[in-house]
Amino acid sequence: DAGVTQSPTHLIKTRGQQVTLRCSPKSGHDTVSWYQQALGQGPQFIFQYYEEEERQRGNFPDRFSGHQFPNYSSELNVNALLLGDSALYLCASSLDWNTEAFFGQGTRLTVV
Amino acid sequence: AQKVTQAQTEISVVEKEDVTLDCVYETRDTTYYLFWYKQPPSGELVFLIRRNSFDEQNEISGRYSWNFQKSTSSFNFTITASQVVDSAVYFCALSDGYGGSQGNLIFGKGTKLSVKP
């Protein structure tokens with residue numbers, strides 16, 4: 001049983017560009033959350049998707065948007081990239097409200 | 001505002017030593033959840049424990065133990081007889097209690113533990 005998988009593993013983009021990161025949740029999980037982890041910091045919550053809708057959102061600008069598909073996989077889109085968007089982006093999946101969240105290995109985004 | 005503080009940035013111990021990682025939290029909620037995660041160099045966050053605000057019993061799992069004290073808003077993590085494989089960054093996190101979901105976790109900055117042979 002595959003756990004949470006994220007793609008790509010690494011990515012280099014130029015300032016002002018747009019990027020799409022992808023996440024496949026653990027089999028049977030219907031809830032996907034995205035986090036941004038800057039170097040040397042703890043992860044920060046971006047948003048959570050459940051039943052194809054954004055259920056909660058952290059303190060991130062509208063440049064950060066997402067989507068969840070009927071198969072529960074999810075995408076994180078970031079527009080107008082800034083140097084400060086360079087970070088490890090982590091996806092976590094869970095089943096319903098009250099279960100353990102499993103994290104993927106993340107996508108390392110570098111903006112130059 | 002909710003906040004998690006891990007005052008220890010880095011800890012270095014020798015194998016077989018016991019080590020305690022400190023975590024202090026702030027919240028106005030009466031219902032909340034506390035977590036510990038391990039992040040090895042691969043980057044993936046590994047779930048270790050979840051504790052709700054109404055359960056102050058200490059928990060032991062093998063070499064790991066957790067001490068939850070609401071009076072001091074602390075949720076400390078102890079590794080007994082540390083091993084080299086315990087080397088990682090450890091994060092303490094707080095959930096705002098929204099339906100018990102583990103979304104919207106508020107993380108501390110982490111403590112990097114190095115266990116030397």
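Up top you'll find the structure we're talking about.
Calculation criteria
Residues numbered from 1 in each chain as written. Chains lettered and ligands numbered in written order. Predicted model: local features only at pLDDT ≥ 70, side-chain atom pairs only at ≥ 80, totals over all residues. Heavy atoms only, no water. Core = buried A, V, L, I, M, F, W, Y, C linked by side-chain atoms within 4.5 Å. Buried < 20%, exposed > 50% of the residue type's maximum accessible area, 1.4 Å probe, protein only. Helix = DSSP H or I, 4+ residues; strand = E, 2+ residues; numbered from the N terminus. Contact = heavy atoms within 4.5 Å. Pairing = 2+ DSSP bridges. Disulfide = S-S within 2.5 Å. Phe/Tyr/Trp six-rings, centres within 6.5 Å; stacked < 30°, edge-to-face > 60°. Lys NZ or Arg CZ within 6 Å of the ring centre and 35° of its normal. Salt bridge = Lys/Arg side-chain N within 4 Å of Asp/Glu carboxyl O.

Novice: Can you lay out the nonpolar core for me, pointing to particular residues and giving the numbers?
Specialist: Within the largest apolar cluster, 24 residues are counted, with the highest numbers of intra-cluster contacts made by Trp36, Phe77, Tyr90 and Leu113 of chain B. For this core, the elements supplying multiple residues, two or more each, are β2 (10–14), β3 (19–21), β5 (33–39), β8 (64–69), β9 (74–79), β10 (88–95) and β12 (111–116) of chain B. With 4 residues, β10 of chain B is the largest single contributor of residues to this core. With residues up to four places along the chain from it excluded, the contact list for Tyr90 of chain B reads Gln6, Leu21, Trp36, Tyr37, Lys38, Leu48, Tyr64, Phe77, Ile79, Gly110, Thr111 and Leu113 of chain B. Residues Trp34, Phe47, Tyr49 and Val111 of chain A belong to the second largest nonpolar core, which totals 20 residues.

Novice: Can you break down the pairing of strand β4 (residues 31–37) of chain A residue by residue, with the values?
Specialist: Residue and element names in this part refer to chain A. β4 sits mainly inside the fold: 7 of its 7 residues count as buried. Across the two faces of β4 the burial is the same, with Thr31, Ser33, Tyr35 and Gln37 and Val32, Trp34 and Gln36 all buried. Two elements, β4 and strand β5 (residues 44–50), share 6 bridges in a ladder whose sense is antiparallel. Bridging across to β5, Ser33 finds its partner in Gln48. With antiparallel pairing between neighbouring strands as the criterion, β4 and β5 make up a hairpin whose turn holds 6 residues, including Gly40 at a positive phi of roughly 80°. Across 7 bridges, β4 lies against strand β9 (residues 87–94) in antiparallel orientation. By the bridge assignment for β9, Trp34 is matched with Cys91.

Novice: Quick one: what's the story with the state of the cysteines, residue by residue and with numbers?
Specialist: With the rule as written, the count across this model stands at 2 disulfides over all chains. Here Cys23 of chain A is linked by a disulfide to Cys91 of chain A, with a sulfur-sulfur distance of 1.8 Å. Measuring the twist about the S-S bond at about -60°, one finds the Cys23 of chain A-Cys91 of chain A disulfide to be left-handed. Of this pair, Cys23 of chain A sits in strand β3 (residues 19–24) while Cys91 of chain A sits in strand β9, and the two are 68 residues apart along the sequence. Exposure remark for Cys91 of chain A: the relative accessible area of 0% places this residue in the buried category. Between the sulfur atoms of Cys23 of chain B and its disulfide partner Cys92 of chain B the distance amounts to 2.0 Å. Across the S-S bond of Cys23 of chain B and Cys92 of chain B the torsion is about -65°, and the bridge reads as left-handed. On the criterion of sequence distance, the pair formed by Cys23 of chain B in the loop between β3 and β4 (24–26) and Cys92 of chain B in strand β10 is long-range, its members being 69 residues apart. A relative accessible area of 0% means that Cys23 of chain B is categorised as buried. Note on Cys92 of chain B: relative accessible area 0%, which makes it buried.

Novice: Outline the packing of aromatic side chains, listing residues and values.
Specialist: Following the criterion strictly, the structure yields 18 aromatic pairs over all chains and no others. An angle of 90° between the planes, with centres 5.7 Å apart, marks the rings of Tyr35 of chain A and Phe107 of chain B as edge-to-face. Linking Tyr35 of chain A in strand β4 with Phe107 of chain B in strand β11 (residues 105–107), this pair reaches from one chain into another. Residue classification places Phe107 of chain B among the buried residues on the basis of a relative accessible area of 9%. Ring geometry for Phe47 of chain A and Tyr49 of chain A: centres 5.3 Å apart, planes at 85°, overall edge-to-face. For the residue pair Phe47 of chain A and Tyr49 of chain A, the accessibility class agrees, reading buried in each case. A network of ring pairs unites the aromatic residues Tyr35, Phe45 and Phe103 of chain A together with Phe35, Tyr37, Phe47, Phe91 and Phe107 of chain B as a single cluster. One Lys or Arg, Lys26 of chain A, reaches over the ring of Phe102 of chain A and ends 5.1 Å from the middle of that ring. A cation sits over an aromatic face here: Arg55 of chain A above Tyr50 of chain A, 4.5 Å from the ring centre.

Novice: Would you mind going over the pattern of salt bridges in detail, with residue names and values included?
Specialist: Applying the stated criterion across every chain, the model contains 6 salt bridges over all chains. Here Glu75 of chain A makes a salt bridge to Arg22 of chain A, at a shortest N to O gap of 3.4 Å. With Glu75 of chain A in strand β8 (residues 74–78) and Arg22 of chain A in strand β3, the pair connects residues that are 53 residues apart, well separated along the chain. For Glu75 of chain A, a relative accessible area of 18% gives the class buried. On the accessibility criterion, Arg22 of chain A (42% relative accessible area) is partly exposed. Between Arg51 of chain B and Glu59 of chain B there is a salt bridge, and its shortest N-O distance comes to 2.8 Å.

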